[in-house]
Amino acid sequence: MANQRVTGENERTKNIKSSNCSDPIIEENEKTQNIVVFEEKKQIDKSELQTESDSKYDIGLYINCSKPLTNTEKILILHNLWVPDVNYKFPAQDNGKFKRTFQLKWLNTFNWLAYSKLKEGAFCMYCVLFLYQTNVGKGSHVKLGKLVTKPLIKLKDALESLKNHANLNFHKTAMLNADNVIKIHNKEQDNVYMQLNTKKKQDILKNRSSLKPIIQTIRLCGRQQIALRGHTDWTN
């Protein structure tokens, strides 16, 4: 009886131990599965954020905006503008014997050039954001088009079109506008209102300095009882 009791207690102890302790291999597998699931979620979240960032700062979204952008928003767009990486596959144009695609090196050659994933074409980022006119040319009778309100899609003479755009007067104006806005934002230059106020103050000080010798001359003539007149003794 005593032996049976000891044997029963040993079996009960084994059952308790087996119920409390889990298999380390199973635990490791469960941990691995959890890590894999977490990594997959992390990658999905990262890709979603990347897609959201791409869509938010794509230059194609700011063509003919119904709501004017502030200078702060424009600078934010410039700093976060979407740029295709080396692995990005540009859409190909089939021109019969061969296919043409947008060249990534053009973005380095022309520092004002930006590619729109949304529009599948290129734009001048400064003309899109900092050009404050819709018509150009003599008499402002020419409407803006390629690289400004419409993407550069036809790539047959793309390089020539980009070089020509860099020499256009309205493009140079947009570049100058962008440079002024950036300098004002970085506090390297006063805004227009401050510049006008500064010029006005300078004019006031100049006029005051011009009045001083006139007033001193009048006072001198008064003390010496000298008549105030011109260089002639008669008047008409």
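The text that follows walks through the structure, step by step, so that each part is easy to find. (Residues numbered from 1 in each chain as written. Predicted model: local features only at pLDDT ≥ 70, side-chain atom pairs only at ≥ 80, totals over all residues. Heavy atoms only, no water.)

Quick look at the packing of aromatic side chains now. Evaluated as defined, the whole model comprises nine aromatic pairs. Ring geometry for phenylalanine 90 and tyrosine 115: centres 4.8 Å apart, planes at 85°, overall edge-to-face. Taken together, the residues span a long stretch of sequence, with phenylalanine 90 in the loop between α3 (71–80) and β1 (93–94) and tyrosine 115 in strand β3 (residues 113–116) at a distance of 25 residues. Residue tyrosine 115 is classed as buried on the basis of its relative accessible area, which comes to 3%. Aromatic pair phenylalanine 102 and tryptophan 106: ring centres 5.2 Å apart, planes at 85°, arrangement edge-to-face. (Phe/Tyr/Trp six-rings, centres within 6.5 Å; stacked < 30°, edge-to-face > 60°. Helix = DSSP H or I, 4+ residues; strand = E, 2+ residues; numbered from the N terminus. Buried < 20%, exposed > 50% of the residue type's maximum accessible area, 1.4 Å probe, protein only.)

Moving on, we come to the pairing of strand β4 (residues 121–124). Because side chains alternate across β4, one face comprises the buried residues Gly121 and Phe123, and the other comprises Ala122 and Cys124, equally buried. For β3 and β4, the ladder comprises four bridges, and the chain directions are antiparallel. Residue pairing for β4: leucine 113 is matched across the bridge by cysteine 124. (Pairing = 2+ DSSP bridges.)

Considering the arrangement of structural elements, one finds alanine 122 in strand β4. Each C-alpha atom, one on alanine 122 and one on lysine 154, is 10.0 Å from the other, the two residues being 32 residues apart in sequence. Excluding its chain neighbours within four sequence positions, the residues that come into contact with alanine 122 are Phe102, Leu113, Ala114, Tyr115, Leu147, Lys150, Pro151 and Leu152. (Contact = heavy atoms within 4.5 Å.)

What follows deals with the pattern of salt bridges. If you walk through the whole model with that rule in mind, you get one salt bridge. Salt-bridge contacts for aspartate 179 lead to lysine 183; the nearest nitrogen and oxygen are separated by 3.4 Å. Separated by four residues within a single helix, aspartate 179 and lysine 183 lie in helix α7 (residues 169–185), roughly one turn from each other. Given a relative accessible area of 33%, aspartate 179 falls into the partly exposed group. (Salt bridge = Lys/Arg side-chain N within 4 Å of Asp/Glu carboxyl O.)

Here the focus is the packing of α3 against α7. It is the contact of α3 with α7, at a shortest axis distance of 10 Å, that shows an interaxial angle of 100°. Classified by the angle between their axes, α3 and α7 sit roughly perpendicular to one another. Here α3 contributes Asn71, Ile75 and Leu78 to the contact with α7, which in turn contributes Val181, Ile182 and His185. A per-class count over the contact of α3 with α7 returns four nonpolar, two polar and no charged. (Axes fitted to C-alpha atoms, helices over the stretch in contact; angles between N-to-C directions. Parallel < 35°, antiparallel > 145°, perpendicular 65-115°, else oblique. Nonpolar A, V, L, I, M, F, W, Y, C, P; charged D, E, K, R; others polar.)

Below, the discussion takes up helix α6 (residues 158–166). Listed as buried for α6 are Ala158, Ser161, Leu162 and His165. On an axial view of α6, the arc spanned by its buried residues comes to 100°, and they lie on one face. If you follow the buried residues of α6, they end up packed against α4 (105–109), β3, β4, α5 (125–130) and α7. (Arc of directions from axis to C-beta.)

Counting 40 residues, the largest nonpolar core has Ile59, Phe102, Leu113, Tyr126, Leu129 and Leu162 as its most contacted members. Mapped onto this core, the elements with two or more residues apiece are α3, α4, β3, β4, α5, α6 and α7. Per-element tally for this core: the top contributor is α5, with six residues. Phenylalanine 102 has contacts with Phe90, Leu107, Leu113, Tyr115, Ala122 and Leu155, leaving out every residue within four places of it along the chain. (Core = buried A, V, L, I, M, F, W, Y, C linked by side-chain atoms within 4.5 Å.)

The analysis is restricted to geometry; functional conclusions fall outside its scope.
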